[in-house]
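# Examination of the molecular architecture
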Amino acid sequence: MKSVIICDMEGLITNLNDGASKMFGYAPENIVGIKRVSLFSPGEIVLQNVLGWLKDANQTGEHVTKTNFVRKDGSTLSAKIKICLLYTSPSPRDAHESR
C-alpha cells in the first residue's frame, strides 16, 4: 500500500491520500489542517530527526529512511519513508540559479 502524506515545513498535515488514511486509520477531515505528522510517531522519533531529514532532502533531493509509526488504534508499524521537498513558489536554490 502506498501512503502519501503532505505537510508544510511546520509538520502540519495539508493533504493525504486514501492509502495513508487506511494505513493510519484517520479520515482526512479529522487531521488535515489540524494535526501534525508527529501524530504518527512514537515518542520523539520525528521531532528528534526531522531537521536532519529535511536538511538531507534539501541537499540531495530526497531522504529515505526506515522508522516506526503509530496508527490511530495504537498499533505500530515499521515502514520506509521518503521525504521530498515540494515548493509552491520558486525555491531559494531556483531563484539563485536564475540570476
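One structure accompanies this document, and this report is about it. This one's a predicted model, so the numbers in the text were calculated from it and none came from an experiment.

Definitions and limits used
Residues numbered from 1 in each chain as written. Predicted model: local features only at pLDDT ≥ 70, side-chain atom pairs only at ≥ 80, totals over all residues. Heavy atoms only, no water. Helix = DSSP H or I, 4+ residues; strand = E, 2+ residues; numbered from the N terminus. Expected span 1.5 Å × (residues − 1). Bend = angle between axes of the 7 residues up to and from the residue. Contact = heavy atoms within 4.5 Å. Core = buried A, V, L, I, M, F, W, Y, C linked by side-chain atoms within 4.5 Å. Buried < 20%, exposed > 50% of the residue type's maximum accessible area, 1.4 Å probe, protein only. Pairing = 2+ DSSP bridges. Polar contact = N/O pair within 3.5 Å; in protein donor to acceptor, adjacent residues only side chain to side chain.

So, on to helix H3 (residues 45-60). Because each turn of an α-helix spans 3.6 residues, side chains separated by three or four positions in sequence point in the same direction. For H3, which comprises 16 residues, the first-to-last C-alpha distance of 22 Å matches the rise-based estimate of 22 Å (1.5 Å per residue) to within 8%. The largest bend in H3 is about 35°, located at Leu51. Residues of H3 that are buried in the fold lie against strand S3 (63-70) and strand S4 (76-83). Within two residues after H3, Gly61 carries a phi angle of roughly 105°, on the positive side.

Okay, the nonpolar core next. Formed by 17 residues in total, the largest nonpolar core has its most connected members in Phe24, Ile31, Phe40, Phe69, Leu77 and Ile83. Those elements giving two or more residues to this core turn out to be strand S2 (13-16), helix H1 (18-24), H3 and S4. Not counting residues up to four positions away in its chain, the partners in contact with Ile83 are Trp53, Leu54, Ala57, Gly61, Glu62 and His63.

Before going further, it helps to spend a moment on the pairing of S2. With three bridges joining them, strand S1 (residues 5-7) and S2 adopt antiparallel strand pairing. Bridging across to S2, Cys7 finds its partner in Ile13. From the end of S1 to the start of S2, which pair antiparallel, there are five residues, and Gly11 there has a positive phi angle of about 90°.

Here we come to the side chain of His63. On the secondary structure map, His63 appears in strand S3. Among the polar contacts made by the side chain of His63, one reaches the side chain of Trp53 at a distance of 3.5 Å. A distance of 2.6 Å separates the side chain of His63 from the side chain of Asp56, its partner in a polar contact. Not counting residues up to four positions away in its chain, the partners in contact with His63 are Trp53, Asp56, Ala57, Ile81, Lys82 and Ile83.

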